[in-house]
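Notes for the structure review
Here is how the chains run, residue by residue.
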Amino acid sequence: MPTYSVNSAGVRQARALIDDGKYDTDTEWSDAAPSTDDENRVVDRDGYDGFGAWHLAVDDDASPDTKGRYACPYGDFSKVNRAALIHAKQRAAQNDHTEIEKAADRLLAHLDKAAGIDS
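In this report, the structure presented in the accompanying data block is examined. What you see is a predicted model; the values in this text were computed from it and never measured. (Residues numbered from 1 in each chain as written. Predicted model: local features only at pLDDT ≥ 70, side-chain atom pairs only at ≥ 80, totals over all residues. Heavy atoms only, no water.)

**A look at the packing of aromatic side chains**
By the definition in use, this model includes four aromatic pairs. For the pair phenylalanine 51 and phenylalanine 77, a centre-to-centre distance of 6.1 Å together with 40° between the ring planes defines the contact as tilted. Of this pair, phenylalanine 51 sits in helix H3 (residues 36–52) while phenylalanine 77 sits in the loop between strand E4 (70–73) and strand E5 (80–81); the two residues are 26 residues apart in sequence, bridging distant segments of the chain. Residue phenylalanine 51 is classed as buried on the basis of its relative accessible area of 2%. For the ring pair tryptophan 54 and tyrosine 74, a centre distance of 5.4 Å and an interplane angle of 25° mean the geometry is stacked. With tryptophan 54 in the loop between H3 and strand E3 (55–59) and tyrosine 74 in the loop between E4 and E5, the pair connects residues that are 20 residues apart, well separated along the chain. When its relative accessible area of 0% is taken as the criterion, tyrosine 74 is described as buried. (Phe/Tyr/Trp six-rings, centres within 6.5 Å; stacked < 30°, edge-to-face > 60°. Helix = DSSP H or I, 4+ residues; strand = E, 2+ residues; numbered from the N terminus. Buried < 20%, exposed > 50% of the residue type's maximum accessible area, 1.4 Å probe, protein only.)

Pasting the structure below:
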């Protein structure tokens, strides 16, 4: 199993999107998750760094020029999805990635505060 660490670029981007009001609190992640074609378009447009900025975790041992380097997506390439943050937090907890779980939890709390959601 890969050893993931917190993707600081992803956390910064997610926080900025939340601050800008670019989030979705209603759509289930299974409905909002980008398709492989969507992912490939982002890689073509923004490179792997741009693609990676939409993820909370990075496998530093994986090749930088692969989508497999990144895990725990949090949005659909336009906004943060609340359900994706919940999913990322749960997945990180299940796999003992404590720092990623904490990062997802902090972002979830930040989104809930911004959206006026009592959690």
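And the narrative resumes.
**So, the nonpolar core**
In terms of nonpolar packing, the biggest core is built from 26 residues, with Phe51, Leu56, Cys72, Tyr74, Val80, Leu85 and Leu107 touching the most fellow members. Ranked by residue count, the leading element in this core is helix H5 (residues 98–115), at six residues. (Core = buried A, V, L, I, M, F, W, Y, C linked by side-chain atoms within 4.5 Å.)

Function cannot be inferred from these measures alone, as they are strictly geometric.
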